[in-house]
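Chain by chain, the residues run as shown.
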Amino acid sequence: MIVCVCNNISDREIRQAVELGISSMAELHEQLGVGTCCGKCIDYAREVLDEHLSTLNATELRFQRQAA
């Protein structure tokens, strides 16, 4: 789904960016251009970012517990 219409940025691209190390809206803004035009995408982009960060953190914790 397209999150940022102005710059044609999808939720998939945001998730991929998180997997590559992006962890803040400022980084999304700088690296992908999210929210650089009209700004209407910022709330949903933040939601996608936060949800994917939470998913990755939960997965990481699960692997750490299994390794211990």
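Scroll up to find the structure this text is about.
The model shown is predicted, which means the values in this text are computed figures rather than measured ones.

**Thoughts on the overall build of the chain**
Working step 1: From N to C terminus, the chain includes three helices and two strands.
Working step 2: Along the chain direction, N to C, the helices and strands of the chain fall in the order β-β-α-α-α.
Working step 3: Projected onto the principal axes, the alpha-carbon positions of the chain cover approximately 45 × 20 × 15 Å.
Working step 4: Within the chain, the proportion of its 68 residues that are buried is 28%.

**Re helix 1 (residues 11–19)**
Working step 1: Of all the positions in helix 1, only Asp11, Ile14, Ala17 and Val18 are classed as buried. All buried residues of helix 1 lie within an arc of 120° about the axis, which places them on one face of the element. In helix 1, the exposed positions that point more than 90 degrees away from the buried face belong to Arg12 and Glu19.
Working step 2: Looking one or two residues beyond helix 1, the residue adopting positive phi is Gly21, at roughly 120°.

**Considerations on the environment of Ala26**
Working step 1: The topology assignment puts Ala26 in helix 2 (residues 25–32).
Working step 2: The exposure class assigned to Ala26 is exposed, which follows from its relative accessible area of 55%.
Working step 3: For the pair Ala26 and Ile9, spaced 17 residues apart in sequence, the C-alpha to C-alpha distance is 15 Å.

**Regarding the nonpolar core**
Working step 1: In terms of nonpolar packing, the biggest core is built from 14 residues, with Val3, Ile14, Met25, Leu28, Val34 and Ala45 touching the most fellow members.
Working step 2: The set of elements that each furnish at least two residues to this core consists of strand 1 (2–4), helix 1, helix 2 and helix 3 (42–67).
Working step 3: What Leu28 contacts, discounting residues up to four positions off in sequence, is Ile14, Ala17, Ile22, Gly33, Val34, Ala45 and Leu49.

Conventions adopted
- Residues numbered from 1 in each chain as written.
- Predicted model: local features only at pLDDT ≥ 70, side-chain atom pairs only at ≥ 80, totals over all residues.
- Heavy atoms only, no water.
- Helix = DSSP H or I, 4+ residues; strand = E, 2+ residues; numbered from the N terminus.
- Buried < 20%, exposed > 50% of the residue type's maximum accessible area, 1.4 Å probe, protein only.
- Arc of directions from axis to C-beta.
- Core = buried A, V, L, I, M, F, W, Y, C linked by side-chain atoms within 4.5 Å.
- Contact = heavy atoms within 4.5 Å.

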